[in-house]
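Chain by chain, the residues:
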Amino acid sequence: MFFGDSKTGAAMGHALSRALVLAVLATVVVVPTTSQETAAWGDEPPRPVLATTTIVADLVRQVGGDRVVVDCLMGPGVDPHSYRATPRDADRLAAARLVVASGLHLEGKLASLLARLARRVPTVAVADALPRERLLPVADGLFDPHVWFDARLWSEGVPAVVAALVKLDPAGRAAYEARGAEYTRRLEALDGRLRERLASIPRQRRVLVTAHDAFRYFGRAYDVEVVGVQGTSTESEAGLADINRLVDLLVDRGIPAVFVETSVSDRNVAALREGARARGREVALGGRLYSDSLGGPGSGAETLESVLEANVETMVAALAGGR
Ligand code: ZN
């Protein structure tokens, strides 16, 4: 199922299959992307595959390579939990040849728009395709959406993207499958390297205190204790009791640093550091972690692989050295 609740999911699935069948019958599925093929299409630019977040856009680019034009709805640094679609976004979504979302309610404010859209435009949600037993539950029968921080788990979303691209462009099957397999191997190798690097942080200090709870999959995968100030979505508010509890943790455990995130407000993290200072302990700002967005052009963090490496180096530098 794609979006919305389980009652409408099946109906939407049927509607989507019908839409796909109609699309295939109308033979408008292949948008050429090489220069010769583009020439065959005249001046009309190829319609893009539209990803919701930078992280999903990266996945589609890794699998699609040169055959696919990928566009992204939310730019670098945008918080997907609170993002609302503009009228122009709705037009872009409706004009896409394929919409690829992250899923599991990451795009909370877009859910109903995406569900409606899925009746007309082929739509896939990467995290919704992952095995349920590997997902971390949160309240109300929902799951934590931040699955990309477990490189191996995220790689299990590759087949869903390969399948969606093959449906649109069957002639590209071999290319998509080969690129998908190669990307999966790279993510698996990266997974091992990250675990090794993080093991250099002494266990009692291997604690990640961040603005919102984006790193639970990361913590499970790489043996890092993770504490978010704000819960799994940036939509919830951190209470004073939460802040005080975290100040106790920082002081009692001698945690040397806390972290801020690129797509989330720093306010709560600042409150933690002030709280610790009032108790006579300096807690450093360990640096800025990429959470729900990749870095912008020129940041050196334009892919998920580079973001995972950059985050881990930031953590090691802030937490490993020391007293
Ligand atoms: Zn988040």
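The structure this text deals with has already been given above.
So, how was this worked out
- Residues numbered from 1 in each chain as written.
- Predicted model: local features only at pLDDT ≥ 70, side-chain atom pairs only at ≥ 80, totals over all residues.
- Buried ≥ 20, exposed ≤ 12 C-beta atoms within 10 Å, placed from the backbone.
- Helix = DSSP H or I, 4+ residues; strand = E, 2+ residues; numbered from the N terminus.
- Right-handed = clockwise from strand over helix to strand, strands pointing away.
- Contact = placed C-beta atoms within 7 Å.
- Core = buried A, V, L, I, M, F, W, Y, C linked by C-beta atoms within 7 Å.
- Domains from an automatic or database assignment.

**Looking at the pairing of strand S3 (residues 98-101)**
So, step 1. Of the two faces of S3, both are covered, the one formed by Leu-98 and Val-100 as well as the one formed by Val-99 and Ala-101.
So, step 2. Tracing the backbone out of S3, into helix H5 (residues 111-117) and back to the parallel element strand S4 (residues 123-125) gives a crossover that is right-handed.

**Quick look at helix H3 (residues 54-64)**
So, step 1. In terms of residue burial, H3 counts as a mostly covered element, since 11 of its 11 residues are buried.
So, step 2. Along H3, the positions that sit buried rather than exposed are Thr-54, Ile-55, Val-56, Ala-57, Asp-58, Leu-59, Val-60, Arg-61, Gln-62, Val-63 and Gly-64.
So, step 3. Of the surrounding secondary structure, the elements contacted by the buried residues of H3 are strand S1 (49-51), strand S2 (70-72), S3, helix H7 (158-168), helix H8 (173-198) and helix H12 (304-319).

**Quick look at the nonpolar core**
So, step 1. One finds Val-60, Val-100, Val-161, Val-209 and Leu-272 to be the most contacted residues of the largest nonpolar core, which totals 86 residues.
So, step 2. For this core, the two domains that each supply at least three residues are domain 1 (6-190) and domain 2 (196-319).
So, step 3. What Leu-272 contacts, discounting residues up to four positions off in sequence, is Val-209, Val-229, Ile-243, Leu-246, Val-247, Leu-250, Val-258 and Val-283.

**Considerations on unusual backbone geometry**
Most peptide bonds are trans, and most residues other than glycine sit at a negative phi.
So, step 1. Of note, the phi angle at Leu-104 is positive, near 50°, even though the residue is not glycine.
So, step 2. By the element assignment, Leu-104 lies in the loop between S3 and H5.
So, step 3. A tally of 21 C-beta atoms within 10 Å means that Leu-104 is categorised as buried.
So, step 4. Look at His-105: it is not a glycine, yet its phi comes out positive at around 65°.
So, step 5. Structurally, His-105 is set in the loop between S3 and H5.

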